[in-house]
Amino acid sequence: VQDIAKSITGIINAYGQENLTATRAAELLFQTVKLGSGNINELAAQFSGVTPIASKLNVPLEQVSNAIAAITTLGTPAGEALTQIESLMGSLIRPTDRAEETLAKYGLTMGEVRDLVKTDFLGAMKFLNVAFKGNIQDIGELIGRKEGLLAFLGLVGSNSETVARKLELMKKESGELLDTFDK
């Protein structure tokens, strides 16, 4: 319970109290477990590690939760999934010169990618996969670390339709936690 409370506090601190309630943060934490794989304690212990990066990129918490749930359904433990998402998002905040050069090769800039990420994290990853024509070597140059590349592949690979469905479920099930407590 203590890890869950710490995680919710960390999430709210990252996104700001004006943008997110404790109830909504808790809902998303529990929905991540429900729609993914793993347990709440493992997830809660590390969840707030990815939220400062996600909030800096303006990625909605629903999309972060969705990405974690999707990657854990591939059999990746929650802690590793969080590390992978953190690595992927970190590559967008602090791109290497090589990453910038790789984007330029495809007529893109990191600013354009960040703008896409703000509105649709999963859509931005799919866009990059299409723009790069699935060239895994260039995608690797863009992302840099193996953990980030694993997250990218987990989101845009054969799992991508599942990822999209889970995001819709997260949106639809908003308020479920409160309903449970009211009963």
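Computed from a predicted structure; not experimentally measured. (Residues numbered from 1 in each chain as written. Predicted model: local features only at pLDDT ≥ 70, side-chain atom pairs only at ≥ 80, totals over all residues. Heavy atoms only, no water.)

## With respect to the side chain of S87
As a reminder, the rule being used: Helix and strand definitions follow DSSP, with helices as H or I runs of at least four residues and strands as E runs of at least two, each counted in order from the N terminus. N or O atoms within 3.5 Å of each other form a polar contact, as long as, within protein, one can give a hydrogen and the other can take it, and as long as residues adjacent in sequence are counted only when both atoms are side-chain atoms. We call two residues in contact when some of their heavy atoms are within 4.5 Å.
Assignment of secondary structure puts S87 in helix 6 (residues 78–93). At a separation of 3.1 Å, a polar atom in the side chain of S87 contacts the main-chain amide nitrogen of G148. Once residues lying within four places of it in the same chain are set aside, the contact partners of S87 are R145, E147 and G148.

## Structural notes on the pattern of salt bridges
If charged atoms from side chains of opposite charge come close, those side chains can pair. Selection rule: Definition used for salt bridges: Asp or Glu carboxyl oxygen within 4 Å of a side-chain nitrogen of Lys or Arg. Each residue's exposure class comes from its accessible area (1.4 Å probe, protein chains only) as a fraction of the maximum for that residue type: buried when under 20%, exposed when over 50%, partly exposed otherwise.
By the definition in use, this model includes 6 salt bridges. Taking the shortest distance from any N to any O, the salt bridge between R98 and E141 comes out at 2.9 Å. Taken together, the residues R98 in helix 7 (residues 97–105) and E141 in helix 10 (residues 136–143) connect sequence positions 43 residues apart. Residue class for R98 comes out exposed when judged on its relative accessible area of 53%. Judged by its relative accessible area of 25%, E141 falls in the partly exposed class. Via salt bridges that share partners, R24, E27 and E62 belong to a single interconnected network.

## Considerations on the environment of L155
For L155, the position within the fold is in helix 11 (residues 146–156). Placed 34 residues apart in sequence, L155 and F121 show a C-alpha to C-alpha distance of 9.8 Å.

## Remarks on the packing of helix 5 (residues 61–72) against helix 6
The line we're drawing: Simply put, an axis is a line fit to the C-alpha atoms, just over the touching stretch for a helix, and the angle between two N-to-C directions goes from 0 to 180 degrees. Angles below 35 degrees are treated as roughly parallel, those above 145 as roughly antiparallel, those between 65 and 115 as roughly perpendicular, and all remaining angles as oblique. Helix crossings get a hand from a simple test, with the near helix turned counterclockwise from the far one by less than a right angle marking a left-handed crossing and a clockwise turn marking a right-handed one. Side-chain classes are defined by residue name, with Ala, Val, Leu, Ile, Met, Phe, Trp, Tyr, Cys and Pro counting as nonpolar, Asp, Glu, Lys and Arg as charged, and the others, Gly among them, as polar.
Look at helix 5 against helix 6: their axes get within 9 Å of each other, and the N-to-C directions meet at 130°. When the axis of helix 5 is compared with that of helix 6, the two are oblique. Taken as a pair, helix 5 and helix 6 cross one another with a handedness that is right-handed. Of the residues in helix 6, those touching helix 5 at V64, A67, I68, I71 and T72 are A78, A81, L82, Q84, I85 and M89. Of the residues belonging to the contact of helix 5 with helix 6, the class tally is 9 nonpolar, 2 polar and no charged.

## Structural notes on helix 2 (residues 22–35)
For clarity, the threshold we go by: Each helix should span, by expectation, one fewer than its residue count multiplied by 1.5 Å.
In this model, helix 2 (14 residues) spans 20 Å end to end at C-alpha, consistent with the 20 Å of a helix rising 1.5 Å per residue. R24, A25, A26, E27, L28, L29, Q31, T32 and L35 are the residues of helix 2 that are buried.

## Regarding the environment of M125
Its place among the elements puts M125 in helix 9 (residues 121–131). Look at M125 and you get buried, because its relative accessible area is 0%. Filtering out sequence-adjacent residues up to four positions away, M125 remains in contact with L88, L92, V117, F152, L155 and V156.

Purely geometric numbers; function is a separate question.
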